[in-house]
Amino acid sequence: SDPRGETRTNADGVIGHILIGSMGKADLELRPNATQFTVIEAKMHSPLSKGTKHAPDFDQAARSVACMAESLRQSHTKPELFTNLSFIVLAPQSDSGIFIQLVQKESIQAKVLDRVNEYDGRLYAWYQEWFEPTLEQISLQTISWEAIIVWLGQKIPEIGEPLTRFYQQCLEKDH
């Protein structure tokens, strides 16, 4: 019923103390006493989505972090109680530069505040009580697929070479 509202967002991956599907097949909620919550956006030579139907400057990083803050609010779990609260973009090393600017606290904060301002003060309490503390606590990272593959190969040597071959095939098909 909100004319400025958006449809639900879809994360590529979520790790942590979560429940999926208790209210519908695509919903996510934090478990009681959750202390781990990571949202992952996986990219392969494509940018983060820019804009939404009602907010053309509200990009995927800002929207994801805002949605994480809302998940914390809905679960009544303060961000400072988390031992791991993070938003991660996985992308090829060659593309990592296009994400660095977008996955910065200042960029995300400015975009979420612009979105909040569209609501004539009705969301300032949420912004101050949930979004700002979430942004203060959250770890924002851009990690390359190559770094993940090297790390996995060191932890589980038998998958290092096959995973590297598969990744190279992905890069070739993507071009």
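An account of the accompanying structure is given in this report. One numbering rule holds for all chains: residues counted from 1, following each sequence as written. Local features in a predicted model are, by the rule used here, given only for residues with pLDDT of at least 70; side-chain atom pairs are given and counted only at 80 or more, and totals for whole chains, interfaces and linings are based on all residues. Values shown for side chains rest on all heavy atoms present in the structure; no hydrogens or waters enter the calculation.

## Quick look at the nonpolar core
Working definition of a nonpolar core: buried Ala, Val, Leu, Ile, Met, Phe, Trp, Tyr and Cys residues. They are joined through side-chain atoms within 4.5 Å. Exposed residues in this analysis have more than 50% of their type's maximum accessible area, buried residues have under 20%, and partly exposed residues fall in between, with area computed by a 1.4 Å probe over protein chains only. Membership of the largest hydrophobic core comes to 30 residues, with the highest contact counts inside it found for Phe-37, Phe-87, Ile-108, Val-112, Trp-126 and Phe-131. Numbering of helices and strands runs from the N terminus, with a helix taken as a DSSP run of H or I at least four residues long and a strand as a DSSP run of E at least two residues long. Among the elements of the structure, β4 (36–42), α1 (60–75), β5 (84–91), α3 (105–117) and α4 (124–137) are those that each provide at least two residues to this core. Considering each element in turn, this core owes the most residues, seven residues, to α1. Any two residues having at least one pair of non-hydrogen atoms within 4.5 Å are treated as being in contact. Residues contacting Phe-87, with those up to four places away along its chain left out, are Val-39, Glu-41, Ala-61, Ser-64, Val-65, Met-68, Val-103, Ile-138, Ser-139, Leu-140 and Gln-141.

## Here we look at the packing of aromatic side chains
Two rings from Phe, Tyr or Trp (for Trp, the six-membered ring) form a pair when their centres sit within 6.5 Å of each other. Planes less than 30 degrees apart are called stacked, planes more than 60 degrees apart edge-to-face, and all others tilted. Across all of its chains, the model carries two aromatic pairs by this definition. With a centroid separation of 5.4 Å and an interplanar angle of 20 degrees, the aromatic rings of Tyr-127 and Phe-131 are classed as stacked. Of this pair, Tyr-127 and Phe-131 are both found in helix α4, four residues apart, which corresponds to roughly one turn of the helix. Among the residues examined, Tyr-127 registers a relative accessible area of 5% and is labelled buried. Note that Lys-78 overlies the ring of Trp-130, its terminal NZ or CZ placed 4.3 Å from the centroid. A cation sits over an aromatic face here: Arg-115 above Phe-58, 5.8 Å from the ring centre. Note on criteria: charge over ring means Lys NZ or Arg CZ within 6 Å of the ring centre, with the direction from the centre no more than 35 degrees off the ring normal.

## Remarks on the packing of α1 against α4
Every axis in this analysis is a line fitted to C-alpha atoms, fitted for helices over the stretch in contact. Angles between the N-to-C directions lie between 0 and 180 degrees. Remark: α1 packs on α4, axes separated minimally by 9 Å, with the N-to-C direction vectors making an angle of 115 degrees. Relative to α4, the element α1 lies roughly perpendicular. With respect to the hand of their crossing, α1 and α4 are arranged in right-handed fashion. In this structure, α1 contributes Val-65, Ala-66, Ala-69, Glu-70, Leu-72 and Arg-73 to the contact, and α4 contributes Trp-126, Trp-130, Phe-131, Thr-134 and Leu-135. Broken down by class, the residue content of the contact of α1 with α4 amounts to eight nonpolar, one polar and two charged. Convention used here: angles under 35 degrees read as roughly parallel, angles over 145 as roughly antiparallel, angles from 65 to 115 as roughly perpendicular, and any remaining angle as oblique. Crossings are classed by handedness, with left-handed meaning an anticlockwise turn of the near helix from the far one by less than a right angle and right-handed meaning a clockwise turn. Note on residue classes: Ala, Val, Leu, Ile, Met, Phe, Trp, Tyr, Cys and Pro are nonpolar, Asp, Glu, Lys and Arg are charged, and everything else, Gly too, is polar.

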